[in-house]
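Here are the chains, one letter per residue:
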Amino acid sequence: MARILVVDDEIGIRELLSEILYDEGHTVELAENAAQARESRLRQRPDLVLLDIWMPDIDGVSLLKEWSSQGLLNMPVIMMSGHATVDTAVEATRIGAVDFLEKPITLQKLLKAVAAGLARPVIPASMRSRTERPATSADPVFTQPPALAGGPVAPQPVGAAPAAPVHDDSHLGRISLNQPLREARDEFERIYFEYHLLHENHSMTRVSERTGLERTHLYRKLKQLGIDTSRKKSSGG
C-alpha cells in the first residue's frame, strides 16, 4: 500500500488519522510541525501527504509553496483545516494541493480523498498551463472503483450482468440449537465477526462500518468473544 505522511500539530488528529490509515494497510509517518515534515520529506518522498494549514511554526500553505519552489512537490498533498476560508483552499489548490478536507474530517471523506489522491497523477505547478482553471470544491472528484481495492476482477462479457457475490453460510450449521440462548448467541456473534474480519482483511475501520458498531465498542466486543484482531499478513509480503 501507500506511504502517507500526516502533518498536524494536534496529537489527537495525528493518532486518529494514523489508526484509520494503518487499518487500511498504509504505512504512516507523523509530523507535528513544518520542520518535522521537511525532514521526513527529505528522507523519503511519501506517496501522499495530509497537511494541516494552521500550525505553530510555519503554516501548511507556506510549506506547500516551499516544496513547490524547490521542486519537491511531486507527490499528492491534501490540505486539512477547521478554520480555512474558501480563498485559502483555492490558493492551496493553485499551488498544487489535490484536495482540501474540512475538520472535523469524516471517515468516508478521508478514505475517498486518500484513494482519489493516490490515483491522481501530480503535475508540478511549473508545468501547468497558465490558462488552467484552478479546481474548486464543485468539481467532480475521481474515486477508485471499489473493485480495485480488493484486487483484480475477472473481465465480464459486454452487456452481461455482474456476477452475484458468493456467500458461504455452511458455517452456520456449527451452531447447536440445543444450548442456552446466551451461548448460542455468543457462538453466532463469534462466527459473524470472524466472517467480516476475514472479508474485510482485518480492517477494523471497514468492519466497524459494515457491522454498524463504534470502533471502541467493536474492540470490546471482539475481546469479549476471544477473537484475535491482529492483521493477518500474507505470505507474499
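Along each chain, residues carry numbers from 1 onward, in the same order as the chain's sequence is written. Predicted model: local features are reported for residues with pLDDT of at least 70 only, side-chain atom pairs are reported and counted for 80 or more only, and whole-chain, interface and lining totals are derived from all residues. Side-chain descriptors were evaluated using all non-hydrogen atoms of the structure, hydrogens and water having been removed beforehand.

In this description a helix means any DSSP run of H or I spanning at least four residues, a strand means any run of E spanning at least two, and both kinds are numbered starting from the N terminus. For the chain, the helix and strand inventory stands at nine helices and five strands. Order of helices (α) and strands (β) in the chain, N terminus to C terminus: β-α-β-α-β-α-β-α-β-α-α-α-α-α. Only protein chains enter the area calculation, which uses a 1.4 Å probe; residues under 20% of their type maximum are buried, those over 50% are exposed, and those in between are partly exposed. Taking all 237 residues of the chain together, the buried fraction comes to 36%. The contact criterion used throughout is that any non-hydrogen atoms of two residues lie within 4.5 Å. Partitioning the contacts of the chain with sequence separation of at least 6, the portion at a separation of at least 24 is 62%. In short, Shrake-Rupley with a 1.4 Å probe defines the accessible areas, and a residue's cover is counted only from the protein chains shown. Total accessible area on the chain is roughly 14,800 Å²; 55% of this is exposed by carbon and sulfur atoms.

Here strand 4 (residues 77-81) runs beside strand 5 (residues 99-102); their pairing, made up of four bridges, is parallel. Residue isoleucine 78 lies in a different strand from strand 5, and its bridge partner there is aspartate 99. Note on handedness: a clockwise path from strand one over the helix to strand two, with the strands aimed away from the viewer, defines a right-handed crossover. Following the chain from strand 4 across helix 4 (residues 86-95) to the adjacent parallel strand 5, one finds a crossover that is right-handed. Strands are treated as partners if at least two bridges between them are detected by DSSP.

With that settled, consider the pattern of salt bridges. The working definition used for a salt bridge is a side-chain nitrogen of Lys or Arg within 4 Å of a carboxyl oxygen of Asp or Glu. Throughout the structure, instances matching the rule amount to eleven salt bridges. The closest approach of N and O atoms between glutamate 29 and arginine 3, which form a salt bridge, is 2.7 Å. Linking glutamate 29 in strand 2 (residues 27-31) with arginine 3 in strand 1 (residues 3-7), this pair joins segments that are 26 residues apart in sequence. Taking relative accessible area as the criterion, glutamate 29 reaches 22% and is therefore assigned partly exposed. Assessed through its relative accessible area of 10%, arginine 3 is described here as buried. For glutamate 91, the salt bridge identified is with lysine 65, shortest N-O distance 3.0 Å. Of this pair, glutamate 91 sits in helix 4 while lysine 65 sits in helix 3 (residues 60-69), and the two are 26 residues apart along the sequence. With a relative accessible area of 39%, lysine 65 lands in the partly exposed category. Several salt bridges share partner residues, and in doing so they unite Asp8, Glu10, Asp52 and Lys103 into one network.

Turning our eyes to something else, we now look at the packing of aromatic side chains. Aromatic rings from Phe, Tyr and Trp, taking only the six-membered ring of Trp, are treated as a pair when their centres fall within 6.5 Å; an angle between ring planes under 30 degrees marks them as stacked, one over 60 as edge-to-face, and anything in between as tilted. Within the structure shown, the criterion is met by two aromatic pairs. Aromatic side chains tyrosine 192 and phenylalanine 193 sit 5.1 Å apart centroid to centroid with 80° between the ring planes, which places their arrangement in the edge-to-face category. Grouping aromatic residues by their ring pairs yields a cluster made of Phe188, Tyr192 and Phe193.

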